[in-house]
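# Close look at the chain arrangement
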Amino acid sequence: MNATIDIAARSQQLRENKTLQGIFDITCSDPALIAAHYLEGDEEKSITFGEYRTRAMDAAALLQRALGSENRGRFVAIQMETSIHWFTVFWGLAAAGYQALLLDASLNDEMTRHMLAQAGACGVIGKAKRDLPSDIRQVLLDDILASGRAPQGFTPAFGTQVALCTSGTTATSRIFVYDEDAICNQVLNSELLHHMNPRIISGHNERSLAFLPYHHVFGFMVNLLWSNFIGYESVFIKDRAPETILNTSRRFRVSFLCAVPLLANNLSVGLNKKVALQGPRKRAAFKFARGLSLFLQSVAPNFGMDFARNVLFKDVVAQLIGPDIRCVILGGSHTPAEHMRTIAALGYYTVSGFGMTETAITSVETGMNLHTRTSGSVGRPLTSVEYRVQSDGKRANTGEMFIRGQSIHTGRLEDGRLIGPLLDKDGWYMTGDIVRLEKGMRMYVEGRSKDVIINESGENVYPDEIEDTFGALEGVDQFCVLGTKNVGGSRPNRWRWRRQHHADYEDITLVLSVGDRYRDDKFLTDLMRQIASLNARLPVIKKITRVLATPDKFQTANGIKVKRLALKQMIEEKKIAYRDLDLKSGAGPVLENVPIVNEEAAPRDLAPDEIRNKVRRVYAETLAVAPETIDDDAHFI
């Protein structure tokens, strides 16, 4: 990792030829540069950009034959897990003259058929055959890898568009299209980040972990396009098991990591659990080292981070993602500030960014100030976009975020037709995100408008900002704040009457996934004491009014963010087990180590299909495979 990349020169070249072929040619302009690392068995392997170029041209020749010249210019789906072959398949498809539709490999056949029909796609590239209409041409990855060399004199004719899907797993998922000009403007933002903070984009060939799914806008734009364009070496993992991620990062000395808050949250929670199991002296030593690290970083950021990684937490980072990480960028959903501070305390420069399927990447925090980068800021708009806030009428700088610019989506696919972008008459896209713009256009996301909770006072409350308060809870696997419908009336219990709520309002509900500690009354009582203490710090209108503990894990979209609406529905329909814990459990010794439980819900009797699907999801998560790959008669072994 010693080569220097002239990002300014590459960017200028791209401005002169803003096409997909321009990105590809510049990316592969140094054929000897290492593009990717991976393990074959236990042997380390690598691929150069020159080898990737050859493979992409070979794939393009085969795809032209397999998909047919009459279909050139039409959309073809790529439906594969992230792997070293994504570069070959994506650029091969583009070079063959087709438009790429990026689909989640875990979609079942029914949903795949729906998305292909919406896109008017003529084919799909995947790992295995699917049950699809006969007019959809299916190309297997193995056939591409075994295709042999392209004919002498083969000339590519590049496609001009890429389509990405929102993270829904139902018919509500939508498809947004980016033309090559918008994609080039996305890639050119890398030069801005290089100038604003070389710690994010250094100008050297850093090693980037290919952790994110490439069908997702964050993974596609940043890991596949940006990282390759600036000469970074992608490090691929054989599976997404936590130990694989950590071991691969350490072994290949990864220095750049784009990830989702779920990874950071899991690292933070896991670390805090291990510390909690230590003796009093070790816990005190960890607390002191954490405080010292954060103090040093607040005074001298670079020195403080290096001192934390190499001295204070040398043994800790050696067991996590290693000491070589220069930058961690989190995106896709909100990360609680307490988890941001825990990761930062270890000496990892950790910041958040903002993007959507409809807008791609629009900002990332670039500051070195400790408070700024751990406070939830997602930075200022990149040069290719601008921000505007539609005020909520209460605060001039707070309301729904509007975005417009040269790098947001340029069209949509519906019923097989390409139609115009989802913009107002002035070119603004209404994001549905409620944000706060601070001085200098630095943005903080307060929540999604669809997640808003209307409390007893009729005030709008946004879950993300409340979740920050509870990021320090100990022993919790996952937590989420959402609004749950109140049935009205009073509910008696043996200590008191639960106060009456108006049926039109919602409880601000903290939902805790506690796993096998669901029946541990002492643990839950201690947890409620923590919650009561933290809740007291919140303004009256934002205080949580209900706490639910469940043994179940939360469903996530693309492994990135909790599906709040789905969780809310499951709670209200009592499809998951939960204990409704009274907040008085944390107020004092009502009954020592026995929490006050207002209500305990058990899931209603499930239909056979629901049981099968629930078991299938458990197996799939345990084995790190797609649920659709597990048949009804599958054996665990």
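## Brief notes about the pattern of salt bridges
It is possible for side chains bearing opposite charge to pair when their charged atoms get close. Here the structure, examined in full by the defined rule, presents 34 salt bridges. In this structure, the salt-bridge partner of arginine 326 is glutamate 206, at a minimum N-O distance of 3.6 Å. Here the residue arginine 326 occupies a position in the loop between α13 (314–319) and β12 (327–330), and glutamate 206 occupies one in the loop between α7 (180–196) and β9 (207–209), the gap between them amounting to 120 residues. Several salt bridges share partner residues, and in doing so they unite Arg519, Asp521, Arg579 and Glu600 into one network.

## Notes on the sheet that holds strand β20 (residues 429–438)
Spatial ordering of the open sheet is given by β16-β17-β20-β21, a layout of four strands whose pairing is antiparallel. Every other strand in the sheet has two partners, leaving β16 (385–391) and β21 (442–448) as the edge strands with one partner each. When the angles between neighbouring strand axes are averaged without regard to direction, this sheet yields 50°. Pairing between strand β17 (residues 398–405) and β20: five bridges, direction antiparallel. Following the sheet pairing, glycine 399 is matched in β20 by valine 435.

## Concerning the sheet that holds strand β24 (residues 478–485)
Strand order in the open sheet made by the five strands is β24-β25-β26-β29-β30, with mixed pairing throughout. The sheet is open, and its two borders are formed by β24 and β30 (597–601), each paired with just one other strand. In this sheet, adjacent strand axes meet at a mean angle of 25° when their direction is disregarded. Note: strand β26 (residues 546–550) against strand β29 (residues 578–581), three bridges, orientation antiparallel. When the sheet's bridge partners are listed, leucine 548 is paired in β29 with aspartate 580.

## Some remarks on helix α4 (residues 86–95)
Of all ten residues in α4, ten are buried, a share of seventy percent or more. Those residues of α4 not exposed but buried are Trp86, Phe87, Thr88, Val89, Phe90, Trp91, Gly92, Leu93, Ala94 and Ala95. Immediately downstream of α4, the backbone of glycine 97 shows phi near 100°, a positive value.

## Focus on the packing of helix α11 (residues 280–299) against helix α14 (residues 337–345)
Running from N to C, α11 and α14 cross one another at 85°; their axes reach a closest spacing of 9 Å. Taken together, the axes of α11 and α14 lie roughly perpendicular to each other. Each of Arg290, Ser293, Leu294 and Gln297 in α11 lies in contact with α14, whose residues at this interface are Glu338, Arg341, Thr342, Ala344 and Ala345. Within the contact of α11 with α14, the residues separate by chemical class into three nonpolar, three polar and three charged.

## Observations regarding the environment of alanine 344
Mapped onto the fold, alanine 344 is located in helix α14. We classify alanine 344 as buried; its relative accessible area is 0%. Alanine 344 sits 39 residues away from threonine 383 along the chain, and the two C-alpha atoms are 27 Å apart. Sequence-distant contacts of alanine 344, defined by excluding residues within four places in its chain, comprise Ser293, Gln297, Thr350, Leu370, Arg373 and Thr374.

## Examining the pairing of strand β13 (residues 350–356)
Two faces make up the sheet, and in a regular strand the side chains alternate between them. Counting buried residues in β13 gives six out of seven residues, a clear majority hidden from the surface. Of the pairings in the sheet, the one linking β12 to β13 comprises three bridges and is parallel in character. Bridging across to β13, isoleucine 329 finds its partner in valine 351. Where β13 meets strand β14 (residues 360–364), four bridges bridge the pair, whose relative direction is antiparallel. Note that in β14 the partner of phenylalanine 354 across the bridge is serine 363. Counting the residues that bridge the hairpin from β13 to β14 gives three residues.

## Considering the packing of aromatic side chains
According to the stated counting rule, one finds 14 aromatic pairs in the structure shown. Ring geometry for tyrosine 232 versus phenylalanine 256: centroids 5.3 Å apart, planes at 75°, classification edge-to-face. Of this pair, tyrosine 232 sits in the loop between α8 (217–229) and β10 (233–235) while phenylalanine 256 sits in strand β11 (residues 256–259); the two residues are 24 residues apart in sequence, bridging distant segments of the chain. Three or more aromatic residues joined by ring pairs make a cluster, and in this case those are Phe24, Phe49, Tyr52, Phe87, Phe90, Trp91, Phe158 and Phe220. Seen from the ring of phenylalanine 402, arginine 388 lies directly overhead, with NZ or CZ sitting 4.4 Å from the centre.

## Description of α11
Under the 1.5 Å per step criterion, the end-to-end length of α11 is 29 Å for 20 residues, consistent within 8% with the ideal 28 Å. Turning to α11, its buried residues number three or more, namely Phe286, Ala289, Arg290, Ser293, Leu294, Leu296 and Gln297. Viewed along the axis of α11, the buried residues span an arc of 165°, placing them on a single side of the element. What points out from α11, more than 90 degrees from its buried face, is the exposed set Pro280, Arg281, Lys287, Phe288, Phe295 and Val299. Elements that come into contact with the buried residues of α11 comprise α10 (261–276), α12 (301–312), α14 and α15 (370–374).

## Notes on the environment of leucine 257
Here leucine 257 is to be found in strand β11. Residues leucine 257 and serine 208 lie 49 residues apart in sequence; the distance between their C-alpha atoms is 5.7 Å.

Scoring rules and cut-offs
Per chain, the residues get numbers from 1 upward, laid out in the order the sequence is written. Local features in a predicted model are, by the rule used here, given only for residues with pLDDT of at least 70; side-chain atom pairs are given and counted only at 80 or more, and totals for whole chains, interfaces and linings are based on all residues. Excluded from the side-chain calculation are hydrogens and water; included are all heavy atoms of the structure. Each salt bridge in this description consists of a side-chain nitrogen of Lys or Arg and a carboxyl oxygen of Asp or Glu lying within 4 Å of one another. Under the scheme used here, helices are H or I runs from DSSP no shorter than 4 residues and strands are E runs no shorter than 2 residues, and both carry numbers assigned from the N terminus. Only strands that DSSP links by at least two bridges are regarded as paired with each other. Angles shown run from 0 to 180 degrees and are taken between the N-to-C directions of axes, each axis being a line fitted to C-alpha atoms and, for helices, limited to the stretch in contact. Partly exposed residues are those whose accessible area sits between 20% and 50% of the maximum for their type, while under 20% is buried and over 50% is exposed, using a 1.4 Å probe and protein chains only. In what follows, roughly perpendicular refers to angles from 65 to 115 degrees, roughly parallel to angles under 35, roughly antiparallel to angles over 145, and oblique to any angle outside these ranges. Throughout, a residue-residue contact means that at least one pair of heavy atoms, one from each residue, lies within 4.5 Å. Following the grouping adopted for this structure description, the nonpolar residues are Ala, Val, Leu, Ile, Met, Phe, Trp, Tyr, Cys and Pro, the charged ones are Asp, Glu, Lys and Arg, and the polar ones are all others, Gly among them. Here is the rule: rings of Phe, Tyr and Trp (six-membered ring for Trp) pair when centre to centre is within 6.5 Å. Planes less than 30 degrees apart are stacked, more than 60 are edge-to-face, and the remainder are tilted. Charge-over-ring contacts are defined here by two conditions on Lys NZ or Arg CZ: a distance within 6 Å of the ring centre and an angle within 35 degrees of the ring normal. What a helix should span is 1.5 Å times the count of its residues minus one. What the arc covers is the set of directions going from the helix axis to the C-beta atoms.

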